[in-house]
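Residues per chain are reported as follows:
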Amino acid sequence: MAQKEDTQLTGPGIGLTFLYYFSMTVIIVMFIGSRSDAFTFASPELRQYGTLAGLVAGIIGTIVNRNVTMAITFENRNRFQTRLNQKLAEIGFEPEELEDEITDNTADPEPEGEYLSYFRSGLAGQFAGGVYVLLSARSATISSRAINIRRIRKLL
């Protein structure tokens, strides 16, 4: 008997997102501050400024860029997918195919769902992150950065 995989759209959690923004900000502040005449790399004031800037950046980064998942139910899958494509296009996201090994459902006679991904083109796409959708017969799970999910929630 074949076991079904637990398919969830996940990303970095709140802790990892906070740690990333905190640590990168501390490193940048320490590097730039140590290049000035007012501080050395070992000065306690520079470490305090770095820690304070890191906390602020970590909190803001976590609020804006943490990964969030949203579930939606619908009656007609084709109408929902058309509407989703239109609404995401309004905010600049275009559908993109996932790799074959992820979307290949030939081993499972009744696939659990279809994976869709949407990205922005150009330079904006490098910073916006993607929108990932697991679409099944009567529901969809959408995963993206919190700021993108807020915009999508308003549109849908």
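Residues numbered from 1 in each chain as written. Predicted model: local features only at pLDDT ≥ 70, side-chain atom pairs only at ≥ 80, totals over all residues. Heavy atoms only, no water.

1. A few points about the overall build of the chain
Applicable threshold: The secondary structure listing takes helices from DSSP runs of H or I that are at least 4 residues long and strands from runs of E that are at least 2 residues long, numbered from the N terminus. Buried means the residue's accessible area, taken with a 1.4 Å probe over protein chains only, is under 20% of the maximum for its type, while exposed means over 50%, and partly exposed covers the values in between. Whether two residues are in contact is decided by their heavy atoms: any pair within 4.5 Å suffices. Per-residue and other accessible areas were derived by the Shrake-Rupley procedure at a 1.4 Å probe size, with only the shown protein chains allowed to occlude residues.
Looking only at helices and strands, the chain has six helices and five strands in total. Going from N to C terminus, the chain has its helices and strands arranged as α-α-β-α-β-α-β-α-β-β-α. Per-residue burial over the chain gives 31% buried out of 156 residues. Excluding contacts between residues fewer than 6 apart, the proportion of contacts in the chain whose partners are at least 24 apart in sequence is 63%. With an accessible surface of roughly 10,600 Å², the chain has 56% of that area assigned to carbon and sulfur atoms.

2. A few points about the confidence of the model for the chain
What counts, and what does not: Residue-level confidence of the predictor is summarised by pLDDT, bounded by 0 at the bottom and 100 at the top.
Of all residues in the chain, 83% attain a pLDDT of 70 or more, and the chain-wide mean is 83. Per-residue pLDDT stays below 50 along residues 1–7; that stretch engages in three contacts with residues further than four places along the chain or on separate chains. Note that pLDDT drops below 50 for residues 101–110; the model gives that stretch five contacts with residues more than four away or on any other chain.

3. Structural notes on the sheet that holds strand E2 (residues 94–96)
Selection rule: For two strands to be treated as a pair, DSSP must find at least two bridges joining them. Note on geometry: axes are lines fitted to C-alpha atoms, helical ones only across the stretch in contact, with angles between N-to-C directions running from 0 to 180 degrees.
With antiparallel pairing, five strands are arranged side by side in an open sheet as E1-E5-E4-E3-E2. Strands at the two margins of the open sheet, each flanked by one partner only, are strand E1 (67–73) and E2. Across the sheet, the mean angle from the axis of one strand to that of its neighbour is 25°, orientation sign disregarded. Sheet topology note: the strand E4 (residues 131–135)/strand E5 (residues 139–145) ladder contains four bridges and is antiparallel. In the strand pairing of E5, Val-133 is matched with Ile-142.

4. So, a nonpolar patch on the surface
Quick note on the threshold: Exposure above 30% relative accessible area and the absence of a salt bridge qualify a residue for a patch, where like charges join within 9 Å and nonpolar side chains (Val, Leu, Ile, Met, Phe, Trp, Tyr) within 5 Å. The working definition used for a salt bridge is a side-chain nitrogen of Lys or Arg within 4 Å of a carboxyl oxygen of Asp or Glu.
A contiguous nonpolar patch, built from Tyr-20, Met-24, Ile-27, Ile-28, Phe-31 and Ile-32 and spanning about 630 Å² of accessible area, is present on the exposed surface. Within the element layout of this structure, Ile-28 appears in helix H1 (residues 14–34).

5. A look at the nonpolar core
Quick note on the threshold: Only buried residues count toward a nonpolar core, which is a set of Ala, Val, Leu, Ile, Met, Phe, Trp, Tyr and Cys residues joined through side-chain atoms within 4.5 Å.
Leu-88, Tyr-118, Val-131, Val-133 and Ile-142 are the most contacted members of the largest nonpolar core, which has 20 residues in total. Other than its neighbours up to four places away in sequence, Ile-142 contacts Val-68, Thr-69, Met-70, Ile-72, Leu-84, Val-131, Tyr-132, Val-133, Ile-149, Ile-152 and Leu-156.

6. Brief notes about the environment of Leu-52
Structurally, the position occupied by Leu-52 is in helix H2 (residues 44–65). Residue Leu-52 is classed as exposed on the basis of its relative accessible area of 53%.

7. So, helix H3 (residues 77–90)
The cut-off we apply is this: To estimate the expected span of a helix, subtract one from its residue number and multiply by 1.5 Å. Residues adjacent in sequence count toward polar contacts only when both atoms are side-chain atoms; beyond that, a polar contact is any pair of N or O atoms within 3.5 Å, and within protein one must be able to donate a hydrogen and the other to accept it.
In a regular helix each residue adds 1.5 Å, so 14 residues correspond to 20 Å; H3 covers 20 Å between its end C-alpha atoms and thus fits that length. In this structure, the buried residues of H3 make contact with E1, strand E3 (114–119), E4, E5 and helix H6 (146–155). Of the residues flanking the start of H3, the one acting as N-cap is Asn-76, its side-chain oxygen 2.9 Å from the backbone nitrogen of Asn-78. A positive phi of about 95° marks Gly-92, the residue just after H3.

8. Section: the environment of Thr-25
Its place among the elements puts Thr-25 in helix H1. Using a relative accessible area of 18% as the deciding quantity, one classes Thr-25 as buried. Taking the C-alpha atoms as reference points, Thr-25 and Gly-58, separated by 33 residues in sequence, lie 8.1 Å from one another. With sequence-adjacent residues up to four places away left out, Thr-25 is seen in contact with Ala-53, Gly-54 and Ala-57.

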